[in-house]
Amino acid sequence: NAGVMQNPRHLVRRRGQEARLRCSPMKGHSHVYWYRQLPEEGLKFMVYLQKENIIDESGMPKERFSAEFPKEGPSILRIQQVVRGDSAAYFCASSPAGADTQYFGPGTRLTVL
Amino acid sequence: GENVEQHPSTLSVQEGDSAVIKCTYSDSASNYFPWYKQELGKGPQLIIDIRSNVGEKKDQRIAVTLNKTAKHFSLHITETQPEDSAVYFCAAKGAAGNKLTFGGGTRVLVKP
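First, a word on what this report is: a plain description of the structure on this page.

1. As for the overall build of chain A
Okay, step 1: Across its full length, chain A carries zero helices and eleven strands.
Okay, step 2: If you list the helices and strands of chain A from N to C, you get β-β-β-β-β-β-β-β-β-β-β.
Okay, step 3: Taking 113 residues into account, the globule formula puts the C-alpha radius of gyration at 13 Å, and chain A, at 13 Å, falls close to it.
Okay, step 4: Within chain A, the fraction of its 113 residues that count as buried is 44%.
Okay, step 5: If you take every contact in chain A between residues at least 6 apart in sequence, the share linking residues at least 24 apart comes to 53%.
Okay, step 6: When the accessible area of chain A is evaluated, it comes to approximately 5,700 Å², of which 46% is carbon and sulfur surface.
Okay, step 7: With 16 positive and 11 negative side-chain charges, chain A shows a spacing of 8 Å between the two charge centroids.

Here you go:
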């Protein structure tokens, strides 16, 4: 049973470009969460999605960041016009409906030059 | 919103000794408390969790205790081994919503 999958594992962008991060949840999991981890810090919640719905986006920056979890395909975290402060590790987690436990993927490490 | 504090930030122990990490949380309605282990370059891995209706839970060398009155919970690792070296994170989930609030992490080094 494959775990949570994220790609790419490493992403380099220049300031002003767009970054797209993908997350495929574990089989049977319908809930997806995105977290951001700055160097030497803990994880910070960004957004919680179910299929075709954003449930909680209280941790998302108001501008440039968006997320989706379409009916078919992976969840996407999109960052427009990246800045150096966006450099971080972005982790996706998934859980089955009605469960507390969240299982994390390996993360995407974004570097903005 | 929820705030989780974690101590210590670094912990060095001799192989075979015990390691204890402590966390406090602010939202008395929080009801789920997982612990994650993160190795360099990898994602967090769930190692144990506890719910608010339980005071203690054990899984082999790992145990977690919860004091709801004091709003703190602790991770205990006994008979530490070099492969226990990693960063450990505590987290809390509030009664409303599914998001986890994480502590700042504890870097554990087990010296052979």
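Resuming the write-up.
2. Comments concerning the nonpolar core
Okay, step 1: Among the nonpolar cores identified, the biggest contains 24 residues, and Trp 35, Phe 73, Leu 75 and Tyr 88 of chain B are the most heavily contacted of them.
Okay, step 2: For this core, the elements supplying multiple residues, two or more each, are strand 2 (10–14), strand 3 (19–25), strand 4 (32–38), strand 5 (45–51), strand 7 (62–67), strand 8 (72–77), strand 9 (86–93) and strand 11 (106–111) of chain B.

3. Points about the interface of chain A and chain B
Okay, step 1: On the side of chain B, 19 residues touch chain A, which itself brings 22 residues to the contact.
Okay, step 2: Summed over the three residues of chain A that lose the most area to chain B, namely Leu 43, Asp 100 and Phe 104 of chain A, the buried surface amounts to 33% of that side.
Okay, step 3: Along the contact surface separating chain A from chain B lie two salt bridges.
Okay, step 4: Top element by residues in the side of chain A that touches chain B is strand 4 (residues 31–37) of chain A. It accounts for four residues.
Okay, step 5: Here the residues of the side of chain A that touches chain B sort into nine nonpolar, seven polar and six charged.

4. Observations concerning the sheet that holds strand 8 of chain B
For sheets, the rule is that strands pair by backbone hydrogen bonds, running either parallel or antiparallel.
All names here are of chain B.
Okay, step 1: Strand order in the open sheet formed by five strands is 1-3-8-7-6, with antiparallel pairing between adjacent strands. The strands lining the two open edges of the sheet, one partner per strand, are strand 1 (4–7) and strand 6 (56–59). Taken pair by pair, the neighbouring strands of this sheet meet at an average axis angle of 15°, ignoring direction.
Okay, step 2: When strand 3 meets strand 8, the two strands line up antiparallel, connected through six bridges. What sits directly across from Val 20, in strand 8, is His 76.

5. Description of the side chain of Asp 100 of chain A
Okay, step 1: Examined against the element boundaries, Asp 100 of chain A turns out to sit in the loop between strand 9 (88–95) and strand 10 (103–104).
Okay, step 2: For Asp 100 of chain A, the side chain forms a polar contact with the side chain of Arg 51 of chain B, separated by 3.2 Å.
Okay, step 3: Leave out the neighbours within four places in its chain, and Asp 100 of chain A touches Tyr 32, Arg 51 and Lys 93 of chain B.

6. Some points on the sheet that holds strand 8 (residues 75–79) of chain A
All names here are of chain A.
Okay, step 1: Pairing in this open sheet of four strands is antiparallel, and the strands run 1-3-8-7 from one edge to the other. What marks the edges here is a single partner per strand, and that holds for strand 1 (5–7) and strand 7 (65–68). Averaged over neighbouring strand pairs, the angle between their axes works out to 15° when direction is ignored.

7. With respect to unusual backbone geometry
Okay, step 1: In this structure, the amide linkage connecting Asn 7 of chain A to the following residue, Pro 8 of chain A, adopts the cis form with an omega of -5°.
Okay, step 2: With respect to the secondary-structure elements, Pro 8 of chain A resides in the loop between strand 1 and strand 2 (10–13).
Okay, step 3: Phi angles above zero are rare outside glycine, and Arg 64 of chain A is one such case at about 75°.
Okay, step 4: The topology assignment puts Arg 64 of chain A in the loop between strand 6 (53–56) and strand 7.
Okay, step 5: With a phi close to 55°, Gln 60 of chain B is a non-glycine residue in the positive phi region.

Criteria and cut-off values
Residues numbered from 1 in each chain as written. Chains lettered and ligands numbered in written order. Predicted model: local features only at pLDDT ≥ 70, side-chain atom pairs only at ≥ 80, totals over all residues. Heavy atoms only, no water. Helix = DSSP H or I, 4+ residues; strand = E, 2+ residues; numbered from the N terminus. Rg over C-alpha atoms; globule rule 2.2 N^0.38 Å. Buried < 20%, exposed > 50% of the residue type's maximum accessible area, 1.4 Å probe, protein only. Contact = heavy atoms within 4.5 Å. Areas by Shrake-Rupley, 256 points an atom, 1.4 Å probe, with all protein chains shown as cover. Lys, Arg positive; Asp, Glu negative; His and termini not counted. Charge placed at Lys NZ, Arg CZ, Asp CG, Glu CD. Core = buried A, V, L, I, M, F, W, Y, C linked by side-chain atoms within 4.5 Å. Buried area = accessible area lost by both parts, 1.4 Å probe. Salt bridge = Lys/Arg side-chain N within 4 Å of Asp/Glu carboxyl O. Nonpolar A, V, L, I, M, F, W, Y, C, P; charged D, E, K, R; others polar. Pairing = 2+ DSSP bridges. Axes fitted to C-alpha atoms, helices over the stretch in contact; angles between N-to-C directions. Polar contact = N/O pair within 3.5 Å; in protein donor to acceptor, adjacent residues only side chain to side chain.

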